[in-house]
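# Structural features, examined
Each chain, written out:
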Amino acid sequence: MVFDEGSGDTHLLDPLAAEVLKALAEASVDLTTLIDRIVARFGLEGDPGVGAHVEATIERFRDIGLAEHRG
């Protein structure tokens, strides 16, 4: 669960989404490094959908204001 002080919203995150948010908050990492971290953390080696799921999670965070686009 994460509380967004800016909007006052509370968001319930699944474990993968929580790990993505934690990684984004800790340091600026590239997408490949982030996906590798998620794969290792959850034992998802060989799962072809992990990258797309991580990207979709980041997009949801951007949509609700928990992450911003850098580039």
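First, a word on scope: everything that follows refers to the structure included in this document.

The rules we used
- Residues numbered from 1 in each chain as written.
- Predicted model: local features only at pLDDT ≥ 70, side-chain atom pairs only at ≥ 80, totals over all residues.
- Heavy atoms only, no water.
- Core = buried A, V, L, I, M, F, W, Y, C linked by side-chain atoms within 4.5 Å.
- Buried < 20%, exposed > 50% of the residue type's maximum accessible area, 1.4 Å probe, protein only.
- Helix = DSSP H or I, 4+ residues; strand = E, 2+ residues; numbered from the N terminus.
- Contact = heavy atoms within 4.5 Å.
- Salt bridge = Lys/Arg side-chain N within 4 Å of Asp/Glu carboxyl O.

### Some thoughts on the nonpolar core
Counting 17 residues, the largest nonpolar core has Val 20, Leu 34, Ile 38, Val 54 and Phe 61 as its most contacted members. Secondary-structure elements contributing two or more residues to this core are helix H1 (15-26), helix H2 (31-42) and helix H3 (50-64). Broken down by element, the residue count for this core peaks at five residues, all from H1. Excluding its chain neighbours within four sequence positions, the residues that come into contact with Phe 61 are Leu 13, Ala 17, Val 20, Leu 21, Leu 24, Leu 66 and Ala 67.

### Regarding the pattern of salt bridges
When the charged atoms of two side chains lie near each other, side chains of opposite charge can form a pair. Under the defined criterion, the tally for this structure stands at four salt bridges. In this structure, Arg 37 engages Glu 26 in a salt bridge whose closest nitrogen and oxygen atoms are separated by 3.1 Å. Taken as a pair, Arg 37 in helix H2 and Glu 26 in helix H1 lie far apart in primary sequence, 11 residues in all. Residue class for Arg 37 comes out partly exposed when judged on its relative accessible area of 27%. Residue class for Glu 26 comes out partly exposed when judged on its relative accessible area of 48%. One salt bridge connects Glu 59 with Arg 62, and the closest N-O pair in it is separated by 2.6 Å. A residue pair is termed a helical-turn pair when its members lie 3 or 4 positions apart in one helix, as Glu 59 and Arg 62 do in helix H3 at three residues. Overall, the relative accessible area of 38% leaves Glu 59 in the partly exposed class. Overall, the relative accessible area of 29% leaves Arg 62 in the partly exposed class. One salt-bridge network, in which partners are shared between bridges, spans Glu 19, Glu 26, Arg 37 and Arg 41.

This is a description of form; function is not addressed.
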